[in-house]
Amino acid sequence: MTTVRSLLPLMLALASCITHAAAPDTPIARAAAFLASQERAGEPGCAVGVLQDGRWVFKDAYGLADLESKARNTPDLVFGVASITKQFTAAAVAIAASQKYFSLDDDIRKYLPEMPDYGRAITIAELVYHTDGIRDHGRLVGLTGNPKQYETQAARVALLARQRALNFEPGTQYLYGNGGYLLLAEIIQRTTGQPLAAYAEQNIFRPLGMKHTYFGAGTRGTKGRALPYSRTKDGWRNTDGEAPAHFGSGGLMTTLDDYAKWANNLFASRSGLAGGTALTKQLHTSGRLRDGTAVHYGFGLRLNPYRGIEQVGHSGSGEGYKALAMMFPQRKLGVFGFCNNGVYAQEVVMAVADLFLGLPPQGKAAGAESSIRLTRAQLDRFAGVYREPELRLPMLVSAGDNLLVVDGDAKRYEFLPLAPTRFRNEENIIIEFGGPADTALTLRQVEGRKYGSGVFARVQPVSLTPTQMATYAGDYLSTELNATYRFSVHQGQLTARIVEQGADAKALRFAPLLQDEFYDLDNRMVVRFKRDRADHIAGLDLTNQFGWIKDVAFERVTADGEAEQVVAWSAQHAVGFGEDLSPLKRVVGNARVLAFGEGTHNASELWTLRNRMFAYAVEQLGFTAIAAETSVAEGWITDDYVTGKSNAIDAATHGVFSWTAASFEENRALIEWMRAYNAKSTTARKIRFYGLEMSGSTRPDGRLLVQPAIDYMRTVDAKRAQAVESQFSPLLPIFNAAKWLDAEPSKQDQLVIAAQDLVSLFERYQVLWTAKSSRDAYQRAYRHAIASRQLVAHVRMKGQGRDIAAAENLRWVLEQEGPKGRVFVFAHNSHVAKWRMLPADDAELHSTMSEFIHPLLGNDMVVIASLYHRGETRDWLGMFGFDNQLRKVPPSKPESLNGVMSRVGKPSFLLDLRALPKAGPVRDWFEQPRPVRNINVREEYNQIKPAAAFDALLYIDAISPLHPAGK
């Protein structure tokens, strides 16, 4: 059987012959004349095509494809189609679902675990149908004021994951946007193992023969492609390459011929796609809300009638590229227009569609004629400000010559009267006014786009004096955007600037609407200030782009000019740190010790970065060992594995002694890398693993230290080993922190003496015992004996001896590594800090390891602290009194060191504090005590003097829990 699809190549080849050979006064001739009338000398334009019964009956173009070379647009050129991309993304999702990569009913957090739990699951299908409530990623990026930070798909997904709220409860509303489709592209990549571009090429473009269709902002060069342009006050700007490298919601490049293959396949009796006609039918079937209400949107396709005729289609609006596809299944007609002039394609494409549908022209295509004529007095009664209550969106209406000018939609529109209270614009959007004859009280969106409820009530904007307006002035921080908005009153108007943009920040100008509510139509923003119980302004909610982003929360922060200077200085000096670790070399220099502090325990990002930093330190900087916040005993077991003396991976990672070596994938990755490195090393020297703790920090137990020492003594001096065992035997039950406090003082004294005697024996017989065994065996047993003495001191000092012991052990590690050895230290910030942290409860300051070792090393020791801002965590081992359920880590306090660093505007960076100015407010700020986050699961803050405690700061925006091995 011959199908429409099999004849398509021949039909397309004959199309250009049909376009200009039409008889006069036919739809073809009138369409050609209309497009010719749109031509403007030296300007870009559009390409338009019409399919009838699966074949081209009209294809034409006007305007320039390249303003520099003067090359003209032709129907065969490649154009960007912006949001028309969504139907291909959705088709890829449908195909992937049919291939069992996932179910459309799956919770998106199954594949995007970093997304917050909003209290009700969001399904993949809800992303497809725009019923998910996810905020629009493009608008969020604009609100951050730092678009360069979000040029990749990964960065934008992370931005969406930072949003603490949705626009609405999933499944209860339909609201078009781009955020959900970005997440669909990410789900495709994570489940199929292919980026959306590759998956679509394999499953859609290649099967349909779409040889000139691809994802990317012109990444295949300019030949054969219309360049995108936008008009500015200074003329035309080439926007090629301005679209960021993220796909799903946009980014598709195609031609009219290629798109015709896709359109014909949508309604063909046999489909060229996996899943067949059942799948293509699914694409143009409406989604539904959870209550069963149809949303008139399918898989990236709008299903709204056009002037009473069934229509399937979509529009697209990008950086210079605009597009519209209109398909009329009952008429077997398709009308498509791709433009490169930055002007919405609706007016041109709809005018051509009207010709082939046999409909009377409308809007500008009809010569700006109206069905009726109204007097200025009749029109003036509609003039005013209207507000949609659900989204708090304003519409400003003013009267003209037999028209109304309405500002508040996608652009400023002119509406012509159809009836005394009914008006239509050139895009066939119809509005209607209701109320008394003398004054309109409501504006209702009847056809076309609707925002919120679609009903706008007339309001009287409040009038505020400059003094009243000044009460809103101040800095407002959004942790969801990592941005601070500074409001002030300028020339009697409330203005705002994004602090992170510095001197380049443009002013956002707000006009009062209602009490505590302001709007900026130029930027499509509405802000509503929030008050506390004392009626003081405490923050604001921001809504943008017709509700695509609703109620982004801002907290009013204390005016702190010094902190703003700190943010500005830090932004200037911070170096991005992630894929490229080379900045570490400049910070470390020739130091023998690099102490990397973790801002909290159990964070996957910190441990993974630790692994990469240590590998870089070994391979690029010549480091020879890592010394971690884990027990001496555990360190030896792990060292045996990484140096090849043992094959017991579980013993090295199973958490026998402390949390640090618990069985997590991140730790396994580290020690497996060390083992592999040592195995392939051509030198005799191996990289080593050491523990710095005298025993497990959460379960200090001296028996684990004494027994290995006694076991060794049995091999070199059995008689003395028996004597030591007899001395310790009655004391071991109290040799841990829990039992010590209840023990009799005489027993405590006996244990102190026993531990000291054990060390003395090892020191007295060092030469003899070493000769009977080996230097390594002796040192191993001796360090266990030392650790037992350290543990006695630790428990006797009520927990104050831990860092003294760690410093002593680090000094020994350096001795073992020799003068050419370099050691990477990994422990909590509170241990590596050179300045004592003040606990949150103002208790006594605990000493730090670096406090004791740094004076000996000076510039030979560099301390880098890690900071984090938000995320999720687990108390895996219950060490802090919590179960292991997933817990949210809320954004840092704005005034904390973490909070201030979060405003620098980079997801991860390294900041060298040794580069601070010699004097001034920035240095003063870093030299004063600042709150800093401690253990995340307890959500506590300590006080620290950053410049005194650390040489550098390593900031990471978000953390997540460790991954248990094998899970």
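Heads up: these notes are all about the structure in this document. (Residues numbered from 1 in each chain as written. Predicted model: local features only at pLDDT ≥ 70, side-chain atom pairs only at ≥ 80, totals over all residues. Heavy atoms only, no water.)

**Some thoughts on the overall build of the chain**
Across its full length, the chain holds 31 helices and 39 strands. Expressed as a percentage of the 967 residues in the chain, the buried residues total 56%. Pairs at least 24 apart in sequence give 65% of the contacts found in the chain among residues at least 6 apart. Put simply, the chain shows about 39,000 Å² of open surface, and 51% of that area lies on carbon and sulfur atoms. (Helix = DSSP H or I, 4+ residues; strand = E, 2+ residues; numbered from the N terminus. Buried < 20%, exposed > 50% of the residue type's maximum accessible area, 1.4 Å probe, protein only. Contact = heavy atoms within 4.5 Å. Areas by Shrake-Rupley, 256 points an atom, 1.4 Å probe, with all protein chains shown as cover.)

**Here's the deal with the pattern of salt bridges**
Per the stated rule, a full pass over the model turns up 45 salt bridges. The partner of Arg524 in a salt bridge is Asp407, with the nearest N and O atoms 3.9 Å apart. Note that Arg524 is positioned in the loop between strand S25 (517-520) and strand S26 (525-531) and Asp407 in strand S15 (residues 404-407), a separation of 117 residues in sequence. Residue Arg524 shares its accessibility class with Asp407, and that shared class is buried. With a shortest N-O distance of 2.6 Å, Glu693 and Arg802 are connected by a salt bridge. Here Glu693 is found in strand S32 (residues 688-693), whereas its partner Arg802 is found in helix H26 (residues 802-817), with 109 residues between them in sequence. Here the two residues Glu693 and Arg802 agree in accessibility, since each one is buried. (Salt bridge = Lys/Arg side-chain N within 4 Å of Asp/Glu carboxyl O.)

**Considerations on the sheet that holds strand S19 (residues 442-447)**
Read once around its circumference, the closed barrel built from eight strands follows the order S13-S14-S15-S16-S17-S18-S19-S20, with strand pairing classed as antiparallel. Here the average twist between neighbouring strands, direction ignored, is 30°. Here strand S14 (residues 393-399) pairs with S15 via four bridges, running antiparallel. Paired with Ser398 across the bridge in S15 is Val405. (Pairing = 2+ DSSP bridges. Axes fitted to C-alpha atoms, helices over the stretch in contact; angles between N-to-C directions.)

**Re unusual backbone geometry**
The backbone of His296 shows a phi angle near 60°, a positive value even though the residue is not glycine. Within the secondary structure, His296 is located in the loop between helix H10 (276-283) and strand S10 (312-317). Take His296: its relative accessible area is 43%, and that puts it in the partly exposed class. Of note in the backbone geometry, Asn402 takes a positive phi value of approximately 55° without being a glycine.

**Observations regarding the pairing of strand S1 (residues 46-52)**
Across the seven residues that make up S1, a large majority, six, are buried. Where S1 meets strand S2 (residues 55-62), seven bridges bridge the pair, whose relative direction is antiparallel. Directly across from Val50, in S2, lies its bridge partner Phe58. Where S1 folds back onto S2 in an antiparallel hairpin, the turn is made up of two residues, including Asp53, whose phi is positive at roughly 55°. The sheet contact formed by S1 and strand S12 (residues 333-339) spans seven bridges and is antiparallel. Across the sheet, the residue bridging to Val48 is Gly337, located in S12.

**What to know about the side chain of Arg903**
Structurally, Arg903 is set in the loop between helix H29 (897-902) and strand S36 (908-912). Taking the relative accessible area as the measure of exposure, Arg903 reaches 4% and is therefore buried. Among residues more than four places away in sequence, those in contact with Arg903 are Leu477, Thr484, Glu500, Glu564, Val567 and Pro894.

**Here we look at helix H20 (residues 703-716)**
For H20, built from 14 residues, the straight-helix expectation of 20 Å at 1.5 Å per residue is met to within 8% by its first-to-last C-alpha distance of 20 Å. If you check which residues of H20 are buried, you get Leu705, Val706, Ala709, Ile710, Tyr712, Met713 and Val716. Along H20, the residues classed as buried sweep out an arc of 160° about the axis, all on the same side. (Expected span 1.5 Å × (residues − 1). Arc of directions from axis to C-beta.)

**Regarding helix H11 (residues 346-357)**
Counted at 1.5 Å a residue, the expected span for H11 with its twelve residues is 16 Å, and the 16 Å between its end C-alpha atoms agrees. Burial runs high along H11: eleven of the twelve residues are buried. All of the buried residues in H11 are Gln346, Val348, Val349, Met350, Ala351, Val352, Ala353, Asp354, Leu355, Phe356 and Leu357. At the C-terminal side of H11, Gly358 shows a positive phi close to 75°.

**Quick word on the environment of Ala165**
Mapped onto the secondary structure, Ala165 falls in the loop between helix H6 (153-161) and helix H7 (179-192). A sequence separation of 386 residues divides Ala165 from Asp551, and the C-alpha atoms of the two residues are 8.2 Å apart. Excluding its chain neighbours within four sequence positions, the residues that come into contact with Ala165 are Tyr118, Arg135 and Glu480.

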